[in-house]
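Structure at a glance
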Amino acid sequence: GGPTLVSNVYVHGTDLSFKHSMESASNYNELLFDPDAWKSNDFYSTISFQSDIPLPYFSWAEYSIQSPAVDYDTVIKGASFIAANC
């Protein structure tokens, strides 16, 4: 099959499985959190904080995650100011 928005990921050598997706449960019913899923070795890896493995939801376009590093002298002055004033 082709790409899918909800994946079942199986842990090799175990009977553990994860429902993995960056989509919302409001769009995909199979992502609705079942608090008893762990009893049958089923877990969730989604953007929901109820997930066993919550995934961060961000956009490369909106956040400068890959911005250049800030030099030490600039950072230490800012950190010292915050530490002294909090």
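Conventions adopted
- All chains use their own residue numbering, which begins from 1 and follows the written sequence.
- Thresholds applied to this predicted model are a pLDDT of at least 70 for local features of residues and 80 or more for the giving and counting of side-chain atom pairs; totals over whole chains, interfaces and linings are not thresholded and use all residues.
- To get the side-chain values, all heavy atoms of the structure are used, and hydrogens and water are removed first.
- Helix and strand assignments come from DSSP, with helices taken as H or I runs of at least 4 residues and strands as E runs of at least 2, each series counted from the N terminus.
- Three exposure classes are used, based on accessible area relative to the maximum for each residue type with a 1.4 Å probe and protein chains only: buried under 20%, partly exposed in between, and exposed over 50%.
- In this analysis, two residues are considered to be in contact whenever any of their non-hydrogen atoms come within 4.5 Å of each other.
- Pairs of N or O atoms are called polar contacts if they sit within 3.5 Å, as long as, within protein, a hydrogen donor faces a hydrogen acceptor (for residues adjacent in sequence, only side-chain-to-side-chain pairs).
- Working definition: a ring pair exists when centres of Phe, Tyr or Trp rings (six-membered ring for Trp) sit within 6.5 Å. Plane angles under 30 degrees give stacked, over 60 give edge-to-face, the rest tilted.
- Here, a salt bridge means any side-chain nitrogen of Lys or Arg that lies within 4 Å of a carboxyl oxygen of Asp or Glu.

What follows concerns the overall build of the chain. A tally of helices and strands in the chain yields one helix and three strands. Written out in order from the N terminus, the α and β elements of the chain read β-β-β-α. Within the chain, the fraction of its 86 residues that count as buried is 14%. Long-range contacts, defined here as pairs at least 24 residues apart, represent 35% of the contacts in the chain between residues at least 6 apart.

Turning our eyes to something else, we now look at the side chain of Thr46. Structurally, Thr46 is set in the loop between β3 (42-45) and α1 (72-85). Polar contacts involving the side chain of Thr46 include one to the side chain of Ser51, which spans 2.4 Å. Among all residues touching Thr46, those that are not within four sequence positions of it are Lys19, Ser21, Leu31, Ser51, Ile53, Pro54 and Leu55.

Turning our attention to the packing of aromatic side chains. Across all of its chains, the model carries two aromatic pairs by this definition. Judged by centre distance (5.6 Å) and plane angle (35 degrees), the rings of Phe18 and Phe43 are tilted. Here the residue Phe18 occupies a position in strand β2 (residues 17-20), and Phe43 occupies one in strand β3, the gap between them amounting to 25 residues. Taken as a pair, Phe18 and Phe43 share a single burial class, namely buried.

This part covers the pattern of salt bridges. Pairing between side chains becomes possible if they bear opposite charge and their charged atoms approach one another. A full pass over the atoms with the stated rule returns one salt bridge. Measuring nitrogen to oxygen at the nearest pair gives 3.4 Å for the salt bridge that ties Asp36 to Lys39. Of the residues examined, Asp36 reaches a relative accessible area of 42% and is grouped as partly exposed. Given the relative accessible area of 58%, Lys39 is considered exposed.

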